[in-house]
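Now for the letters of each chain:
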Amino acid sequence: MKIGVLAVQGDVIEHRAILRRLGVADVEVRLPGDLAGVDGLILPGGESTTIGKLMVRYGLDRAIPEQVRRGMALYGTCAGMILMARRAAGGEPPMLRLMDITVIRNAYGRQVDSFETDLDVPVFGPPPLRAVFIRAPVMDQAGPGVEVLASLDGRPVLAREGRLLVSSFHPELAPDDRVHRYFLDVIRADT
Ligand code: GLN
């Protein structure tokens, strides 16, 4: 199995460190050619406007959906989740629009309103998952095909639609690799 990490901006190193710890081959993706042989791609957090514009510049806005149609799985954290959403309130960056969710950018407030919390994730079981929210988006609506895996204050913060996985928070910043392992399970499930 080979996992790519979109490496145009954002916290790329942290995701790669977890993948390496899990013993998975990983590759930085900057250009469409880097997607060759990639079974799953992580879109890291950062600034969705910046990442979206760079995706367009490098042709990844077309290459990524094309690979998803061929079976590549996608996991978007925070800004990555915004890029995967079909609709975004609060200013739309260039987006992939692959997942049937609506997000509201910066819905938890400004940088100083960033926070950490413990989330109950029924598919993981105990203990709760430590989750870091940094100027995070919230998921406002989710289509019928979207499975909500965890919520905070009644709003989904971890969700899956087939081979697409998103989280409002940054699992790569906490010492818990269960979300990454879950993503690997999603990939293994139907390959
Ligand atoms: N606020 C950022 C955005 O709207 C996302 C922040 C993050 O990825 N931590 O793109």
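Not measured: the values here are computed from a predicted model.

## Details of helix H1 (residues 12–21)
- Those residues of H1 that fall on the buried side of the exposure criterion are Val 12, His 15, Arg 16, Ile 18 and Leu 19. Each buried residue of H1 sits inside an arc of 160° when the element is viewed along its axis, so together they form one side. In this structure, H1 carries Ile 13, Arg 20 and Arg 21 as exposed residues pointing more than 90 degrees from its buried face.
- Residues of H1 that are buried sit in contact with strand S1 (2–6), strand S2 (25–29), strand S3 (40–43), strand S4 (73–77) and helix H5 (178–189).
- Count one or two residues on from H1 and you reach Gly 23, which has phi positive near 75°.

## Digging into the packing of aromatic side chains
- On inspection of all chains with the given rule, the structure shows 6 aromatic pairs.
- Centroid distance Tyr 108 to Phe 133: 5.5 Å. Interplanar angle 70°. Geometry classified as edge-to-face. Separated by 25 residues along the polypeptide, Tyr 108 in the loop between strand S6 (99–104) and strand S7 (115–119) and Phe 133 in strand S8 (residues 129–133) bring together distant segments of the chain.
- Between Phe 133 and Phe 169, the aromatic rings sit 5.6 Å apart at their centres with planes inclined by 50°, giving tilted as the arrangement. Remark: Phe 169 occurs in the loop between strand S12 (164–167) and H5 and Phe 133 occurs in strand S8; sequence separation between them is 36 residues. For the residue pair Phe 133 and Phe 169, the accessibility class agrees, reading buried in each case.
- The rings of Tyr 108, Phe 115, Phe 133 and Phe 169 are connected pair by pair, giving a single aromatic cluster.

Analysis parameters
- Residues numbered from 1 in each chain as written.
- Predicted model: local features only at pLDDT ≥ 70, side-chain atom pairs only at ≥ 80, totals over all residues.
- Heavy atoms only, no water.
- Buried < 20%, exposed > 50% of the residue type's maximum accessible area, 1.4 Å probe, protein only.
- Helix = DSSP H or I, 4+ residues; strand = E, 2+ residues; numbered from the N terminus.
- Arc of directions from axis to C-beta.
- Contact = heavy atoms within 4.5 Å.
- Phe/Tyr/Trp six-rings, centres within 6.5 Å; stacked < 30°, edge-to-face > 60°.

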